[in-house]
Structures are given as structure tokens and as C-alpha cells.
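# Residue-level structure breakdown
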Amino acid sequence: MFKKILIANRGEIALRVIRACKEMGIATVAIYSKVDEDSLHVKLAEESVCVGPAQAKLSYLNVAAIMSAAELTGADAIHPGYGFLAENENFAQVCEQCNVTFIGPKPEQIAKMGDKATARAIAKEAGVPMLPGSGILKDSDEAAVKAEEIGYPVMLKATAGGGGRGIQVIYHPSQLRTSFERVRSEAAAAFGLGDCYMEKYCEHPRHVEIQVLCDQHGTQLYLGERDCTVQRRHQKLIEESPSPVVDAALRKKMGDAALRLCKAVGYSNVGTVEFLVDEKKNFYFMEMNTRIQVEHPVTEMVSQKAAEARPSRWLEHARSPTEPTPG
């Protein structure tokens, strides 16, 4: 059991971590920028440390300052929340080197799933359904050839993308070269890496994500699904659970596929495997988020209700098919 956890974040997610720690009797350390000095998470944590000025790159992304705060306060673990350093394999590596537990996946797991082209390759090897696509495209000429092989419409996606950026749908060959350069440029500006890949565009899909929970002892669970189809500019607006298009049989297929991916990468932590579901209820792997998500409380609510109603049946349904049921 940890004695003290530093929360390398602010706002809602910091409050959620502090609440959980208080329930478990674990002391907490809040970090804050100068502009957030009077924020609620600072007031509720047992200790707090200022890590820099208002700019995030000088405070909440300041790895040296955060690690110094952990050493100063004697924190034995760091929870990154979401955003900021949550999916930064270098930060996870620094935590390991400093003998501070990073509450999240291993650095190599973050790296593999964080690169969407690599994640697709791992998912394919694990037998997870996916749309036809490509590896990393070296130039627009290769992209044009791949688009003809896959068949229009296609979608160009940044390998390091996220938050709806680095995505472009292409319906006609005349759009390809301009779109390719646009995606590369946007990706380089937003993520520091211009690599992109291509996949078949699935029209009118549902966007359904499976919540997974894996520990370091081989236990793997999926905790139902969330439907986040209602979006604007690839940004989620509404999350609902259960999904209106997912029945028990489809839920099990998607959950088992998500756990196969987790097993393939040796995943440990909470995470989300995202799928597209077409009008015929075929599902296809999109990506994996190696962190807790903003919408995780939706799963907390429905999982708690299910567990309270029928705890043994709920756990048996959620457990990995390779994990024996406790006697």
C-alpha cells in the first residue's frame, strides 16, 4: 500500500484521485502552478507544492520540478491523471529511475499503444478485428497507391494523434496529396511527429469503447462499454452506457477482443480500447488509451450498480476468458 501519492495534475481528475486516496487512508500531494494556488485540489490535499508559473510547459509538464516535489514531500508514487504527462513514456521511465511508482502502464506499453500504427500491428497479430489499412506512409505517392488498394473513401490519421487532431477523410483521389500534406503538417505541429497512416473510412459508425482493468498478477477485466458516437469535430460530446446498439453477445465479443489486445502487450492499469461498430454490428479496432479517461465515471456508475445487483455474475462476465473463476 502506498503511503503518499503525488498527483501530477489539476482540476477534476486531481479531485477524484484525492477522494479515492482519502477513502483508502493514503496521504496526497497536490502540485500547482502559480495561477492555480487557490484551486480546490490544492486545498483538499494534505500537502501542496508550486511547480512553476501559469504556462503548463513550465509547471504541469515540468518533469524536473514534479520529481523534485515528489522527493521533497517523500511521495512514493505519482498519479498522472489524464492529459499532461499521463501517456508520456519518458515521464514513466523517469519515475522508474527515481524509484517512484508511476501509477499507470509500463513505459514500453505506453510507447507501443501510443503509436497508432504500432498499435494496429499488435492488434492485428492478436486477432482483433480492424479495418483495412496501411503502415506509416513515407510520402503522398505511397499514400495514393494504398488508397487505390483499400478503396475510397479512406481516412488519413496521425500515428501520434489524439483529441480529434491529425485526421482527414478523403473521398476522391484529387483530394489525396493536399490532404496528406495537411495531416502531416498538423500532426507535426500538434504532436511533434508528422508520421501518418491510412485506413478504410467507415461511414455512419457507432463509436464504442471498452473499459479494461488489468493488474500485475495477470487479472484482466472488461467493465462493459461506453458509447460516444455523438461528437463534434471528432470530439466526444455525450457518453452513455450501455450502448444502444450493443447486446450481450456483441459486448462479449468486443470485451474478449479488448482483453486479447491487453494480453498481447502485457498491459497493466486501467485503459480503454476504442472500436467502430458499423450498421451490420461488425466492430473494428481504432486505438487504445493507456490511461484513465475523462468519461471513466460513467463506467464507475454502471459497474457499481451491476456489482451491487448481482456481484458474482457480474465478475464472471467481466473476467478474462483465460482467467479462472475463484473457487
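This is a predicted model, so every value here is computed, not measured.

### A short note on helix H6 (residues 116-125)
What H6 keeps buried is the set Lys-116, Ala-117, Ala-119, Arg-120, Ile-122 and Ala-123. Check the buried side of H6 and you find it contacts helix H5 (107-114), strand S6 (154-162), strand S8 (196-200), helix H9 (248-265) and strand S14 (283-289). The residue sitting at the N-terminus of H6 and contributing the capping side-chain oxygen is Asp-115; that oxygen lies 3.2 Å from the backbone nitrogen of Ala-117. Just downstream of H6 lies Gly-127, where phi reads positive at about 80°.

### With respect to the packing of aromatic side chains
Applying the stated criterion to the full structure yields four aromatic pairs. Judged by centre distance (5.9 Å) and plane angle (85°), the rings of Phe-91 and Phe-102 are edge-to-face. Taken together, the positions of Phe-91 in helix H4 (residues 89-97) and Phe-102 in strand S5 (residues 101-102) put the pair 11 residues apart, joining distant regions of the chain. Like Phe-91, the residue Phe-102 is buried in the burial classification. For the ring pair Phe-275 and Phe-283, a centre distance of 5.4 Å and an interplane angle of 90° mean the geometry is edge-to-face. Summarising the burial analysis for this pair, Phe-275 and Phe-283 share the class buried.

The rules behind the values
Every residue gets a number counted from 1 within its own chain, in the order that chain's sequence is written. Only residues with pLDDT of at least 70 get local features here, since the model is predicted, and only at 80 or more are side-chain atom pairs given and counted; chain-wide, interface and lining totals rely on the full set of residues. No hydrogens and no water enter the side-chain calculation; it runs on all heavy atoms of the structure. Exposure categories follow from relative accessible area, calculated using a 1.4 Å probe and restricted to protein chains: below 20% of the type maximum is buried, above 50% is exposed, and the middle band is partly exposed. Helix numbering and strand numbering both begin at the N terminus, where a helix is a DSSP run of H or I of at least 4 residues and a strand a DSSP run of E of at least 2. Residues count as neighbours in contact if any of their non-hydrogen atoms are within 4.5 Å of one another. In protein, a polar contact means a hydrogen-donor-capable atom and an acceptor-capable atom, both N or O and within 3.5 Å, with residues adjacent in sequence counting only if both atoms are side-chain atoms; elsewhere, any N or O pair within 3.5 Å suffices. In summary, the pairing rule links any two rings of Phe, Tyr or Trp, Trp by its six-membered ring, whose centres are within 6.5 Å, and it sorts them by plane angle into stacked for under 30 degrees, edge-to-face for over 60 and tilted for everything else.

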